[in-house]
Amino acid sequence: MTRQITIFDTTLRDGEQAPGFSMSEAGKLSVARALQALNVDVIEAGFAAASPGDFKAVERIGQEIEGPAICSLARTTPGDIDAAARALKDAPHKRLHIFLGTSPLHREFKLNMTPDEVLTRIKDMVELARTHFDDVEFSAEDAIRTERGFLVEALSIAAEAGAKTLNVPDTVGYSTPDEIYQLFKHLTEKVSKANEVTFSAHCHDDLGMAVANSLAAVRGGARQIECTVNGIGERAGNCALEDAVMAIRTRRDVFNLTTNVDSRQIMAASRALSKATNTHPPRNKAIVGANAFAHESGIHQHGVLKNRETYEIMKPEDVGLSSNQIVLGKHSGKHALAARAKELGWSLDGERLQTAFDAFKVLADEIGLVDSGQLSALLERLESGAQG
Ligand code: KIV
Ligand code: ZN
């Protein structure tokens, strides 16, 4: 049976926390609109207690965005919970996300709390959160480096106190796919009320395994993935939404999963984020990078021009691009040159094609990529030379 996965987007919270990705209130709102069009299930709009600006952004997103649940992060303190409740008072569909570190490192060096104090705080604050919110998510920060027995206790207490989603963050991107699969299997068997709650994976990308770990967590029993557009987030980022969604879609044969995301809105969301943060994803970023559906080398171009499946596993249209891109550069071949020339109104073959190809290679060596305007100018120059 195909299983439905909840997509919890944290671009506007964990994503925005990373250096270089701060957004204005208007920028956050425009990204929230793109996330609404993408049809994610939950938008984590920010951290209401963090600053007056973030409070306002969470409030406006709660008032203006319909469809997805709108969520605010909060520490396990009455002040944070109250700020989130005030910011989201008008949101028709809202969630509170509260977190507390559970690993020995976090307990000792960050919180200065004993294990019992951590458990009591979780119980008290989830109960308090439930007096304001129906939908409460609890995160055991640094869960991956928490002793298994203690993690089961902490999550069980959160579930008994009324949390509906139990998030298991790999806060520092330390896990491997096998390890996180085993962990989720264990948690979904041992945590109290496991059948009544949703287990969630929140993976960071410090070792480049955030997407693989999220999908492995789902195999172990997670039913929610937390992710960000373009994979932005603390340090190396979070699980990239577009990667997870397109992996699920493209390899349905392996994962047998589905999401509510409209993948054709992926490029629009990526561009809205780039505009709001003034930062573009790297050219080679999976799905949304400028090279993700571009071909420069002659061998690949020849294949793709005959049948795009030779070098493409996804349709560009499925992520919101109008087509793939045949890029002309020094690695390109005659087929691609002739095809582009034809689009520009030139019919080249035989000796004319060879002459044009030789001149094109010299130009490409000089300037790198050759665009349509530069190719037209070159062909016109050659034509007038031949006539003169
Ligand atoms: O990475 C993390 O642990 C977090 C929590 C606040 C969920 O972002
Ligand atoms: Zn995080």
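Scoring rules and cut-offs
Residues numbered from 1 in each chain as written. Chains lettered and ligands numbered in written order. Predicted model: local features only at pLDDT ≥ 70, side-chain atom pairs only at ≥ 80, totals over all residues. Helix = DSSP H or I, 4+ residues; strand = E, 2+ residues; numbered from the N terminus. Buried ≥ 20, exposed ≤ 12 C-beta atoms within 10 Å, placed from the backbone. Contact = placed C-beta atoms within 7 Å. Near = placed C-beta within 6 Å. Nonpolar A, V, L, I, M, F, W, Y, C, P; charged D, E, K, R; others polar. Core = buried A, V, L, I, M, F, W, Y, C linked by C-beta atoms within 7 Å. Pairing = 2+ DSSP bridges. Right-handed = clockwise from strand over helix to strand, strands pointing away. Axes fitted to C-alpha atoms, helices over the stretch in contact; angles between N-to-C directions. Expected span 1.5 Å × (residues − 1). Left-handed = near helix turned anticlockwise from the far one by under 90°.

**Looking at the overall build of the protein chain**
No. 1: From N to C terminus, the protein chain includes 16 helices and 12 strands.
No. 2: Its C-alpha atoms give the protein chain principal-axis dimensions of roughly 90 × 40 × 40 Å.
No. 3: The burial tally for the protein chain puts 46% of its 388 residues in the buried class.
No. 4: Counting contacts in the protein chain only where the partners sit at least 6 residues apart, residues at least 24 apart contribute 72% of the total.

**A word on the site of ligand 1**
No. 1: Looking at ligand 1, the residues that line it are Asp 14, Phe 99, Ser 139, Glu 141, Asn 167, Pro 169, Thr 171, His 202 and His 204.
No. 2: For the shell around ligand 1, the elements supplying multiple residues, two or more each, are strand 6 (136-141) and strand 7 (165-170).
No. 3: Considered class by class, the residues forming the shell around ligand 1 number two nonpolar, five polar and two charged.

**Quick look at the nonpolar core**
No. 1: Ranked by internal contacts, the top residues of the largest apolar core, which has 101 residues, are Ile 43, Ile 98, Ala 158, Leu 166, Ile 225 and Ala 244.
No. 2: With seven residues, helix 9 (residues 210-220) is the largest single contributor of residues to this core.
No. 3: Ala 158 has contacts with Ile 122, Val 126, Phe 138, Ala 163 and Leu 166, leaving out every residue within four places of it along the chain.
No. 4: Core analysis: the next-biggest nonpolar cluster, separate from the first, contains 11 residues, Leu 348, Phe 360, Val 370 and Leu 375 among them.

**Considerations on the pairing of strand 7**
No. 1: Counting buried positions along strand 7 yields six of six residues, so the element is predominantly enclosed.
No. 2: The side-chain alternation of strand 7 yields two buried faces, one formed by Thr 165, Asn 167 and Pro 169 and the other by Leu 166, Val 168 and Asp 170.
No. 3: As judged from the three bridges shared by strand 6 and strand 7, these two strands associate in the parallel manner. Bridge pairing in strand 7 places Glu 137 opposite Thr 165.
No. 4: Where the polypeptide runs from strand 6 across helix 7 (residues 148-160) and back to strand 7, its parallel neighbour, the crossover connection is right-handed.
No. 5: By the bridge criterion, six bridges tie strand 7 to strand 8 (residues 198-203) in an arrangement that is parallel. Residue pairing for strand 8: Asp 170 is matched across the bridge by Cys 203.
No. 6: Regarding the hand of the β-α-β motif, the stretch spanning strand 7, helix 8 (residues 177-190) and strand 8 is right-handed.

**Observations concerning the environment of Asp 358**
No. 1: Looking at the element boundaries, Asp 358 is found in helix 15 (residues 350-367).
No. 2: Sequence separation between Asp 358 and Lys 334 is 24 residues; the distance between their C-alpha atoms is 9.7 Å.

**Describing the sheet that holds strand 3 (residues 42-46)**
No. 1: With parallel pairing, eight strands are arranged side by side around a closed barrel as 2-3-4-5-6-7-8-9. On average, adjacent strands in this sheet sit at an angle of 25° to one another, irrespective of strand direction.

**Considering unusual backbone geometry**
No. 1: One non-glycine residue, Asp 142, adopts positive backbone phi at about 60°.
No. 2: Relative to the helices and strands, Asp 142 is located in the loop between strand 6 and helix 7.
No. 3: Classification of Asp 142 by C-beta neighbours within 10 Å gives buried; the count is 23.
No. 4: Non-glycine residue Asn 256 carries a positive phi angle of around 55°.
No. 5: The exposure class of Asn 256 is exposed, given the 11 C-beta atoms found within 10 Å.

**Quick word on the pairing of strand 3**
No. 1: The element strand 3 is extensively covered by neighbouring structure, given that five of its five residues are classed as buried.
No. 2: In terms of strand pairing, strand 2 (residues 6-9) meets strand 3 through two bridges, oriented parallel. Pairing of Asp 9 across the sheet is with Ile 43, part of strand 3.
No. 3: Examined bridge by bridge, strand 3 and strand 4 (residues 69-75) share four bridges and lie parallel to one another. For Ile 43, the partnering residue across the bridge sits in strand 4 and is Ile 70.
No. 4: Handedness of the crossover joining strand 3 and strand 4 through helix 3 (residues 52-64) is recorded here as right-handed.

**Quick look at helix 7**
No. 1: With 13 residues, helix 7 extends 18 Å from end C-alpha to end C-alpha; this agrees with the ideal 18 Å at 1.5 Å per step.
No. 2: Turning to helix 7, its buried residues number three or more, namely Leu 151, Glu 153, Ala 154, Leu 155, Ser 156, Ile 157, Ala 158 and Ala 159.
No. 3: Those residues of helix 7 hidden inside the fold are in contact with helix 6 (115-132), strand 6, strand 7 and helix 8.
No. 4: Where helix 7 ends, the next residue or the one after it, Gly 162, has phi of about 120°, a positive value.

**Re the packing of helix 2 (residues 25-38) against helix 3**
No. 1: Relative orientation of the contacting elements helix 2 and helix 3 amounts to 35°, with a least axis distance of 10 Å. Handedness of the helix 2/helix 3 crossing: right-handed. Taking contact as the criterion, the partners of Glu 25, Lys 28, Leu 29 and Ala 32 in helix 2 are, on helix 3, Gly 53, Lys 56, Ala 57, Arg 60, Ile 61 and Glu 64.
No. 2: Tallied by class, residues from the contact of helix 2 with helix 3 come to four nonpolar, one polar and five charged.

**Regarding the environment of Arg 145**
No. 1: Looking at the element boundaries, Arg 145 is found in the loop between strand 6 and helix 7.
No. 2: With 119 residues separating them along the chain, Arg 145 and Arg 264 place their C-alpha atoms 37 Å apart.
No. 3: In contact with Arg 145, not counting residues within four places along its chain, are Ser 103, Leu 105 and Tyr 174.

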